[in-house]
Amino acid sequence: MVEQAQQGYVVRRARTSDVRRIQALVEPLVQQRILLGKDDVVFYEAVQEFRVAETPDGELIGCGALHVIWEDLGEVRTLAVSADHLGTGVGHALVERLEHDAIELGLRRLFCLTFETGFFTRHGYQEIGEEIVPPEVYAQLVRSSDEGVAEFLDLARVKPNTLGNTRMLKLL
Ligand SMILES: CC(=O)SCCNC(=O)CCNC(=O)[C@H](O)C(C)(C)COP(=O)(O)OP(=O)(O)OC[C@H]1O[C@@H](n2cnc3c(N)ncnc32)[C@H](O)[C@@H]1OP(=O)(O)O
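As recorded by an unreviewed UniProt entry, the chain carries the name N-acetylglutamate synthase and is attributed to Plantibacter flavus.

As structure tokens, this is what we get:
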């Protein structure tokens with residue numbers, strides 16, 4: 001993938017060798033309680049969900065992941081851009097790529113849980129209420145061990161993680 005090469009970075013699929021650098025990018029945001037902290041094994045298990053932005057000299061300047069929740073529904077998660085590169089279009093490029101991936105997978109709706117409501121609103125996401133899946137789907141989703149799905153369902157045990165975040169949805 002070379003489409004952003006003229007802007008000084010490329011957006012590509014993550015590799016296992018990127019995981020440590022993704023964690024380094026995300027860690028300050030976890031400390032600020034902006035993103036959810038995850039164990040190392042969870043990052044490795046999710047590596048196929050990740051896209052990363054990388055400069056020609058190999059600096060990893062952004063990451064973002066697409067998690068499938070249900071047949072028509074996915075979540076943009078762990079979107080982060082390094083402090084030195086904020087406001088230069090890297091976040092936009094990552095979201096655009098994740099949305100392209102989502103369409104390829106057959107998804108129709110993308111969820112996100114975020115403090116960055118301005119950024120996501122400008123990308124077509126709208127604030128939503130709690131009930132966006134029918135009860136029979138809810139009954140299946142509640143069986144997931146994924147913490148992000150628990151946050152999507154707004155389960156009581158994860159409410160401390162989601163405090164102050166806005167639930168948003170985009171129709172693709
Ligand atoms: C679902 C989740 O993962 S929620 C978590 C979201 N992530 C976080 O909260 C972590 C902390 N925040 C971040 O890492 C970043 O702020 C992100 C990921 C939200 C946005 O990343 P950025 O790379 O800064 O976004 P990007 O540069 O594309 O857009 C930001 C602004 O820069 C502007 N911009 C875009 N391209 C350029 C450019 N080439 N030059 C200058 N400015 C630009 C955009 O217009 C945008 O302005 P706006 O916010 O007024 O619309």
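Engineer: Would you mind going over the state of the cysteines with me for this structure?
Structural biologist: Joining two cysteines, a disulfide is a covalent bond between their sulfur atoms. The final tally for this structure, using the stated rule, is zero disulfides. This cysteine, Cys63, is not joined by any disulfide, and Cys112 carries the nearest cysteine sulfur, 15 Å off. For Cys112, a relative accessible area of 1% puts it in the buried group.

Engineer: Can you walk me through the sheet that holds strand β2 (residues 50-54) in this structure?
Structural biologist: Paired through their backbone hydrogen bonds, the strands of a sheet run either parallel or antiparallel. In spatial order, the strands read β1-β2-β3-β4-β5-β7-β6; together these seven strands make up an open sheet with mixed pairing. Strand pairing shows two members of the sheet lacking a second neighbour, β1 (10-13) and β6 (126-127), which therefore form its edges. Relative to strand β5 (residues 109-114), strand β4 (residues 73-81) runs parallel, the two being bridged by three bridges. Following the sheet pairing, Leu73 is matched in β5 by Arg109. Its contacts with the sheet place helix α1 (residues 19-31) against β1, β2, β3 (60-70) and β4, and it is angled at close to 85° to β3. Across the sheet, helix α3 (residues 90-105) is in contact with β1, β2, β3, β4, β5 and β7 (166-171); its angle to β3 comes to roughly 30°.

About the thresholds
- Residues numbered from 1 in each chain as written.
- Predicted model: local features only at pLDDT ≥ 70, side-chain atom pairs only at ≥ 80, totals over all residues.
- Heavy atoms only, no water.
- Disulfide = S-S within 2.5 Å.
- Buried < 20%, exposed > 50% of the residue type's maximum accessible area, 1.4 Å probe, protein only.
- Pairing = 2+ DSSP bridges.
- Helix = DSSP H or I, 4+ residues; strand = E, 2+ residues; numbered from the N terminus.
- Contact = heavy atoms within 4.5 Å.
- Axes fitted to C-alpha atoms, helices over the stretch in contact; angles between N-to-C directions.

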